Structures are given as C-alpha cells and as structure tokens.
Amino acid sequence: MTTIADSSAFKNSDRVLPQHQAALTLLQGRLSAPDIERLAWLDLACGRGQIIVALDRNLSPQARAKVKYWAYDLNQEFARETRKTADRLGFESFEILVGDLSDFDKILPIGVQFDFITLTNTIHEIEPARLATLLVNCLGRLTQSGSLFIYDMEKIKPPELGAVPWTRDDIRQILLRMLDSLGASSYRPEVGLWNHSSCNGWNVQLERQHLNISGDVVTARIGDAVRETGDEIVKLLRKRLETCRASLESLTMCGAETAAEQEDKERLLFEFWSVSRSLGRST
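Residues numbered from 1 in each chain as written. Predicted model: local features only at pLDDT ≥ 70, side-chain atom pairs only at ≥ 80, totals over all residues. Heavy atoms only, no water.

K.L.:
Got a minute to help me understand the environment of Leu 206 in this structure?
P.N.:
Within the fold, Leu 206 resides in strand S7 (residues 200–207). Measuring from C-alpha to C-alpha, the distance between Leu 206 and Phe 272 comes to 31 Å, with 66 residues separating the pair along the chain. Residue contacts for Leu 206: discarding those within four places in its chain leaves Leu 139, Leu 142, Gly 146, Ser 147, Leu 148, Leu 175, Met 178, Tyr 187 and Pro 189. (Helix = DSSP H or I, 4+ residues; strand = E, 2+ residues; numbered from the N terminus. Contact = heavy atoms within 4.5 Å.)

This is the structure we're talking about:
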C-alpha cells in the first residue's frame, strides 16, 4: 500500500469511535464464551492504537489476559505508539509488526491464524490493485470459527488525494464475487450502512465457518479468487470513472452554483484523479 500523504490516524483516549465500539462489542462476546481460554486477535492497520486505547475500561483484566494481540501497520511511529499502549494492558502476549498492508500475509509467521481480525478506516487507502489479495488473505488467516470485521467510510471528508472510498453496494459486490470464486456462493453476508454527522460508513462481518469449505480448499482457490475479485474491482472502477467524467462534464457546462455543488465538484476532482490513477496501476 503506497502511503497517502493526506491520511491521518485518529487517537483520543477519551473517545471511542463507533466502529471501534462495534468491533470491541464483538470481541467482548467472544471472550465471554466459557470455553475460550485464549483468543488471537490481529489488528490490521492498527494506526496509533485507537481501538485498544480504552480497552482497560471495556474488558476486565481476566478477559485481557486471554488475548494474544497482534498489531500490524505501515507506519513505524504509529506501531511504536500501539506497542506502548499494548504493553500496559496485560495481554497474554502481543506482537507489533511493520510492513506494507497488502504484504501482511508474507510478513506474519507461516501457519499463524486468528480468531478475530479487525480492519477499520483503511480500505479507502488500499490500492485497488491490491485489495483483492488483502481480502482473500484475511480469510485465509482465520481459524475455522474466526471472524473478520471491516469498517470504512463511503466518502472521505475532507477528501484525501489518492484515496478510493467504496460505497456499501460496491463493497458488497466485491465480497460476493470473492465468495463465489472461493466456492462459497451460499454465504451472503450483510453489509450495513451507517449515517454519521459528516459522512456515511459501512461495515461487514465475515464468519469463516459460513464458508463451509476446508482450509485446503481455500488455499487451493486463492489464486483464482484474487484474479476474479480483482476483475470485479476493475469493472467497478471503470464504471465509476465514467460516472465521474459525466458529472464533471455537467459541472463544466453549468458551473457550481451552491456551496454543496462546489463541495461536490472538489470531491469529484479528487475521485477522478484517484480512480484514473488506480486503473492505470490495475491494467
């Protein structure tokens, strides 16, 4: 994943973002099961550790002691901040790794699997050409009862140059193509849409057990799944580019009269560049 200069990582010890609250609620439920002695959690694109910054208020010491926490991020400084926070939480163990997000499967030790993987506020920063590989490898790293929680925004405000935010309908189409290519056509996870004060967000939770296929089958189909999912992503990008071009053509002819239209023009210009750039790297 190429670094996007406009992107930033939020951190506030007095505030838990809704997406992190949702993820931690799922984590609470898993740790509350009486047969769970330990739980391996991979926090992909951990940023500055915002998701765990208030964990001492959300999980008891006994629950935290069951967690084998793995954090992964591109930014060395963010990783150091996450390490400092993790060090005081009393996890059974923790590992902090640094590297390109799309390469996480190559950097993590072979054979390590996770009961819970979180990927929040990050999909828009991932190069579309690498998104399919990331999603498929996340599924491949889940235990048989593991789950993957993803959350991101439909629009970035203010826009980030180079970012490609996906809509709820886009991400659903991408995920269904991935599941079909893996041989899990009967699994149709719901993708939620949430209204926030400044933007809309979407979330999805993928449960490994609902694929109803073995780990060996997933491994054997990874190549086809990445290729077919990537084809779907390119198709969506081409459609978005045409829609964006048509909207900009209309604004060129008619102009932006209101503040909302001016804001939309700025967003479309950012999107035109980001999508054009992504298609150039995908073909």
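Continuing now.
K.L.:
Help me out: how do you make sense of helix H9 (residues 259–282) in this one?
P.N.:
An α-helical turn contains 3.6 residues, so any two residues separated by three or four positions project in the same direction. Over its 24 residues, H9 runs 34 Å from end to end, which matches the ideal 34 Å to within 8%, given 1.5 Å per residue. Listed in full, the buried residues belonging to H9 are Leu 268, Glu 271, Ser 274, Val 275, Ser 278 and Leu 279. In this fold, the buried residues of H9 make contact with helix H6 (128–140) and helix H8 (215–254). (Expected span 1.5 Å × (residues − 1). Buried < 20%, exposed > 50% of the residue type's maximum accessible area, 1.4 Å probe, protein only.)

K.L.:
What exactly am I supposed to notice about the sheet that holds strand S1 (residues 39–44) here?
P.N.:
Strand pairing in a sheet takes place through backbone hydrogen bonds and is either antiparallel or parallel in direction. With mixed pairing, the seven strands of this open sheet are ordered in space as S3-S2-S1-S4-S5-S7-S6. At either end of the open sheet lies a strand with only one pairing partner, and these are strand S3 (93–98) and strand S6 (191–195). When the angles between neighbouring strand axes are averaged without regard to direction, this sheet yields 15°. The sheet contact formed by S1 and strand S2 (residues 67–73) spans six bridges and is parallel. Directly across from Leu 44, in S2, lies its bridge partner Tyr 72. With respect to the sheet, helix H1 (residues 18–32) is in contact with S1, S2, strand S4 (114–120), strand S5 (142–153) and S7, its orientation differing from that of S5 by roughly 165°. Across the sheet, H6 touches S1, S4, S5 and S7, and the angle it forms with S5 is around 145°. (Pairing = 2+ DSSP bridges. Axes fitted to C-alpha atoms, helices over the stretch in contact; angles between N-to-C directions.)

K.L.:
It is not clear to me how the layout of surface pockets should be interpreted in this structure. Could you clarify?
P.N.:
Rolled over the atoms, a probe as big as a water molecule pinpoints where empty space is left. Space inside the second largest pocket adds up to approximately 450 Å³. Contributing elements (two or more residues each) for the lining of the second largest pocket: helix H7 (168–182), H8 and H9. (1 Å grid on protein atoms, 1.4 Å probe; cavity = no way out; pocket = protein on both sides within 12 Å on 5 of 7 lines; lining within 4 Å. Points joined across faces, edges and corners; volume = space filled by probe spheres on them.)

K.L.:
Would you mind showing me how to read the packing of aromatic side chains here?
P.N.:
Remark: the centre distance and the inter-plane angle together describe each pair of aromatic rings, the angle taken between the planes. Inspection of every chain in the model, using the stated rule, returns five aromatic pairs. Consider the rings of Trp 41 and Tyr 69, whose centres lie 5.0 Å apart with planes at 70°: the pair is edge-to-face. In this pair, Trp 41 sits in strand S1 while Tyr 69 sits in strand S2, placing the two residues 28 residues apart along the sequence. Summarising the aromatic geometry, the rings of Trp 41 and Phe 116 are spaced 6.2 Å apart at their centres and angled 45° between planes, so their arrangement reads as tilted. On the criterion of sequence distance, the pair formed by Trp 41 in strand S1 and Phe 116 in strand S4 is long-range, its members being 75 residues apart. Take Trp 41: its relative accessible area is 0%, and that puts it in the buried class. Ring pairs connect the aromatic residues Trp 41, Tyr 69, Phe 91 and Phe 116, which therefore count as one cluster. Between Arg 240 and the ring centre of Trp 166, over which it is positioned, the NZ or CZ distance is 5.3 Å. (Phe/Tyr/Trp six-rings, centres within 6.5 Å; stacked < 30°, edge-to-face > 60°. Lys NZ or Arg CZ within 6 Å of the ring centre and 35° of its normal.)

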